Amino acid sequence: MIRFEDQIKRCSELLYQLCDDVQRLNNLNYFDMNITCEYFYIHLLNCIFGWNLRNKNFTQKNASTIDLVDNDNRIAIQVTSNKSANKIHNTLKSFRETKLYEKYDRLIFIVIVKKKSYSANFETDIQGAFLFDEKSDIYTMDKLIRKIQDLGYQKVADICEYLEFELGIVKDPKRVWTISAAFQDISDSTNGFLNEDFFEIDDYRFKDRFKIELERKPIEIHINGSDKEETMYCILNHIHTLIPDKQIFIIRDEQSWIAAKNRIVDSIVIPFFAATQIPVLQGNINIFIHGAQKHHKNGLELRRRTRSFLNLKLQKNQYPDAHILIKNTSGIYYFLKKELYQGDIESPAWGQDKHIAVISSIMVGSWRQSNNDWQVLETVAQKPYSEIIEYLEKYINGETPLILKKRHNNQVSYELADPEISWCEIKDSITDDLMNRFLSVIKLVLSGCKNHSGLLIKGMLRTMIFLAIHNYKQSAIDRCVEEILSGIKTTNEWNCIANHMVALCEASPKAIISRLQDGLHDNSGLLNLFAEDVSAISWEGSNYIQILWVVEMLLGHKQYAICAIRWLMELSNYVEKCSSGNNPRDTISKVFGIYYNNVAISVPDKIYLAEEGLKKYCYLWDILFEQLPFITSFSIMPTQEFSYREDDGIGVKELSWSEINQQRLAFYNLLFNKIGSDIEKWLKILQLFPHITDQMLNDAIETLMTDLKAMHDSDRERIQYKLREIIY
């Protein structure tokens, strides 16, 4: 048993050490620790005096006069590192002027830097409004330690244990981060480019949902993100914006988390370590962050930040050639961090292991423990499956695993714990022979996709994308995807490949758009995919939707946008309406929108394509008419983005009035020239008469007068009625 005197001595050492730390940081104009001290003293003072203090700065932001309150005992506390008498004078005066004495009987000062005593007279500040005794209501550190000495052995032992935790574990940045320490670490390591501002969230839907969730003060919040570390920093940034005075602890190892039980209260705690189970810390808001491979079923989904947003953040932080960095890394956090990191990033144990079992498992990405799947891994690695698994065993599960082994419904599966980190570690170790062997295998897998698990195919397709984008093997991937698609001869085969079309397109947009163009003419069954009546079939029957999504993704790429629009226009000529919605004509109408540009082409290009389309496709006349102002409300096409391949940052661009007018007048002329004495089209064009130029109006009336002569009486009457309706 530790002697009572030794415990008192240890308490004194730790509290005086805290005084020195606060004073040193204040001298450097760093005052964040003052806020941390407010939370630190809640538990300490409650333990010493038996109070029930809470932080008033959390319930009432930046409460200037008092920091902690005990509403039950009507006590107010100010925790201050300003040891001057003026500080106490000003606080007492503010306490009186704001009539806080009506709510609290005592105002007590805790001075957290070294100070012996006060000789000033504070009566003039009080003016008899409330009682204040500097001898009992001002606690310097000396007085506080003497108060601890008056407590019993068990109380002192509890306080000593609390101080050891708070001023030992909590102050050790290897074990616990405060929010400032977390951002200081990443900012210092990246020359200030990845600072707190860099981690701002651009997912406004998530921000609204997270704010509502935080206001409920639940015991736990689960968040699903693409990268666990990036998500953690983004959440810290957002919390700091919402509640800047709230105490936050990022606990970095399991032992410290266990030690924090019953010692950290009224805080936000974030575990940042791997463990099989992490219990909540009662009395706090526990935020659990999950990476891409371990999403929580009830977690809030935080989408990956857009590349354009990351580019703006890096530009703001004065990073030269930010766009090139984002393009080369696809905005993937681990790739970015590795490029910007000053020094050496500690790799996981498997990161230095270039054994063929490691590299092959990363390339395959994920698989089920079935003959068909593990034969793929054997072929890529050119080793028996049992030997591969035996070698990988040390990297499966654990604290920093390469692979996660999972069981579900008596099936065993293997997945990369973090595909992006894994690829970053081994991408330079992939030889041409290994890549060619891998590509030969995936061609066989996709030619008979029902024989292999979707998990395997998903992992291999991701590797194709990485090879194309990050290993600069686009030509080889183009050839591979072309060969895969060239084997499609039937509607059933289109159905089979459609489920993987988005990933294949991200790997090789060139091969996809070329095959889709051929598919409209080669009798391979592509058109049947859109024409089938699938209203009574399951969702899988609507595989044409996957193909439409792919084409919509290509609309954001200048290199492919025009081809994609031409394909949509031709498809729409064959397919008026699909049975399950998501019709190509709906997409066409949004492409030619007047107010917004949804695609990576210019307004002149849109006008040119509209003219080209009107010459070929009769249906386009009505679609273009509906886009004109005063006819219908505009609609915006949701932007579809690839996961890794960079688009041209078009997003949804609001057009200028000059561009709107240019497009409006051009569309009117195109439509007017394609009326062809069609009565129904004339009735629609008449609606535009009040909104066109005088010259256009005169030309239209002249043409109308000529066409009226050839019309039936009933049609002339309809024109007359419509004109009266417009005039009157």
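Preceding block: the structure.
Residues numbered from 1 in each chain as written. Predicted model: local features only at pLDDT ≥ 70, side-chain atom pairs only at ≥ 80, totals over all residues. Heavy atoms only, no water.

A. A look at the overall build of the protein chain. Summing up its helical and strand segments, the protein chain has 35 helices and 16 strands in all. Whereas a compact globule of 728 residues would reach a radius of gyration of roughly 27 Å, the protein chain reaches 34 Å, over 25% beyond that. Counting all 728 residues of the protein chain, 54% fall into the buried class. Partitioning the contacts of the protein chain with sequence separation of at least 6, the portion at a separation of at least 24 is 70%. When the 85 basic and 97 acidic side-chain charges of the protein chain are each reduced to a single mean position, those positions are 3 Å apart. (Helix = DSSP H or I, 4+ residues; strand = E, 2+ residues; numbered from the N terminus. Rg over C-alpha atoms; globule rule 2.2 N^0.38 Å. Buried < 20%, exposed > 50% of the residue type's maximum accessible area, 1.4 Å probe, protein only. Contact = heavy atoms within 4.5 Å. Lys, Arg positive; Asp, Glu negative; His and termini not counted. Charge placed at Lys NZ, Arg CZ, Asp CG, Glu CD.)

B. Molecular detail of the pairing of strand β9 (residues 268–271). Here β9 shows a buried face lined by Ile 268 and Ile 270 and a second buried face lined by Val 269 and Pro 271. With four bridges connecting them, strand β8 (residues 248–251) and β9 associate as parallel partners. Paired with Ile 251 across the two strands is Pro 271, which belongs to β9. Taken together, β8, helix α12 (residues 254–259) and β9 form a β-α-β motif whose crossover is right-handed. In terms of strand pairing, β9 meets strand β10 (residues 285–290) through two bridges, oriented parallel. Each residue of the ladder has a partner; that of Val 269, found in β10, is Asn 286. (Pairing = 2+ DSSP bridges. Right-handed = clockwise from strand over helix to strand, strands pointing away.)

C. Spotlight on the nonpolar core. By size, the foremost hydrophobic cluster in this structure holds 134 residues, and its most contacted members are Trp 367, Leu 439, Met 464, Phe 530, Trp 567 and Phe 592. Considering every element that reaches this core, the biggest residue donor is helix α21 (residues 454–470), with ten residues. (Core = buried A, V, L, I, M, F, W, Y, C linked by side-chain atoms within 4.5 Å.)

D. Main features of the packing of aromatic side chains. By the definition in use, this model includes 29 aromatic pairs. Ring centres of Phe 49 and Tyr 139 lie 5.3 Å apart, and the angle between their planes is 70°; this geometry places the pair in the edge-to-face category. Of this pair, Phe 49 sits in helix α2 (residues 32–49) while Tyr 139 sits in strand β5 (residues 138–139), and the two are 90 residues apart along the sequence. We classify Tyr 139 as buried; its relative accessible area is 12%. Following the ring pairs from residue to residue traces out a cluster consisting of Trp 177, Phe 183, Phe 198, Phe 199, Tyr 233 and Tyr 333. The ring of Tyr 139 is capped by Lys 143, whose NZ or CZ atom sits 5.3 Å from the centre of that ring. (Phe/Tyr/Trp six-rings, centres within 6.5 Å; stacked < 30°, edge-to-face > 60°. Lys NZ or Arg CZ within 6 Å of the ring centre and 35° of its normal.)

E. Examining the packing of helix α32 (residues 657–672) against helix α34 (residues 694–710) more closely. With their axes 12 Å apart at the nearest point, α32 and α34 run at an angle of 10° to one another. By the criterion of interaxial angle, the relationship of α32 to α34 is roughly parallel. Contacts between α32 and α34 involve Leu 665, Tyr 668, Asn 669 and Phe 672 from the first element and Met 696, Asp 699, Ala 700 and Thr 703 from the second. Residues belonging to the contact of α32 with α34 are distributed by class as follows: five nonpolar, two polar and one charged. (Axes fitted to C-alpha atoms, helices over the stretch in contact; angles between N-to-C directions. Parallel < 35°, antiparallel > 145°, perpendicular 65-115°, else oblique. Nonpolar A, V, L, I, M, F, W, Y, C, P; charged D, E, K, R; others polar.)

F. Region of interest: α34. Taking 1.5 Å per residue, 17 residues should reach 24 Å; α34 reaches 25 Å between its end C-alpha atoms and fits that length. Listed as buried for α34 are Met 696, Ala 700, Leu 704, Asp 707 and Leu 708. The buried side chains of α34 occupy one side of the element, clustering within an arc of 105° when seen end-on. Among the exposed residues of α34, those oriented more than 90 degrees off its buried face are Asp 694, Gln 695, Glu 702, Thr 706 and Lys 709. Each element contacted by the buried residues of α34 is listed here: α32, α33 (679–685) and α35 (713–727). (Expected span 1.5 Å × (residues − 1). Arc of directions from axis to C-beta.)

G. Examining the sheet that holds strand β3 (residues 75–80) more closely. Read across the open sheet, the five strands follow the order β1-β2-β3-β4-β5; overall the sheet is mixed. Edge positions in the sheet fall to β1 (54–55) and β5, since each of these pairs with one other strand and no more. In the sheet, β3 pairs with strand β4 (residues 106–111) via six bridges, with the strands oriented parallel. Looking at the pairing, Gln 78 lines up with Phe 109 of β4. Its contacts with the sheet put helix α4 (residues 85–97) on β3, β4 and β5, and the angle it makes with β4 is roughly 155°.

H. Here's a closer look at the packing of helix α28 (residues 558–574) against helix α29 (residues 584–591). At a closest axis distance of 9 Å, the pairing of α28 and α29 adopts a crossing angle of 135°. Accordingly, the angle class assigned to the pair α28 and α29 is oblique. Once α28 is placed against α29, the crossing between them reads as left-handed. Along its contact with α28, which presents Ile 565, Leu 568, Met 569, Leu 571, Ser 572 and Asn 573, the element α29 presents Pro 584, Arg 585, Thr 587, Ile 588 and Val 591. Grouping the constituent residues of the contact of α28 with α29 by class yields seven nonpolar, three polar and one charged. (Left-handed = near helix turned anticlockwise from the far one by under 90°.)

I. Summary view of the pairing of strand β14 (residues 411–416). With five of its six residues buried, β14 lies for the most part within the structure. The sheet contact formed by strand β12 (residues 366–368) and β14 spans three bridges and is antiparallel. Pairing of Trp 367 across the sheet is with Tyr 414, part of β14. Where strand β13 (residues 403–408) meets β14, six bridges bridge the pair, whose relative direction is antiparallel.

J. Representation of the pattern of salt bridges. Taken as a whole, this structure holds 30 salt bridges when the rule is applied. Ionic pairing is found between Asp 197 and Lys 316, a salt bridge with its closest N-O pair at 3.5 Å. Of this pair, Asp 197 sits in the loop between α9 (179–189) and α10 (204–215) while Lys 316 sits in helix α13 (residues 307–316); the two residues are 119 residues apart in sequence, bridging distant segments of the chain. Judged by relative accessible area, which is 54%, Lys 316 ranks as exposed. Look at the salt bridges and you will find they share partners, linking Asp 197, Glu 200, Lys 313 and Lys 316 into a network. (Salt bridge = Lys/Arg side-chain N within 4 Å of Asp/Glu carboxyl O.)

In short, shape yes, function no, at least from these values alone.
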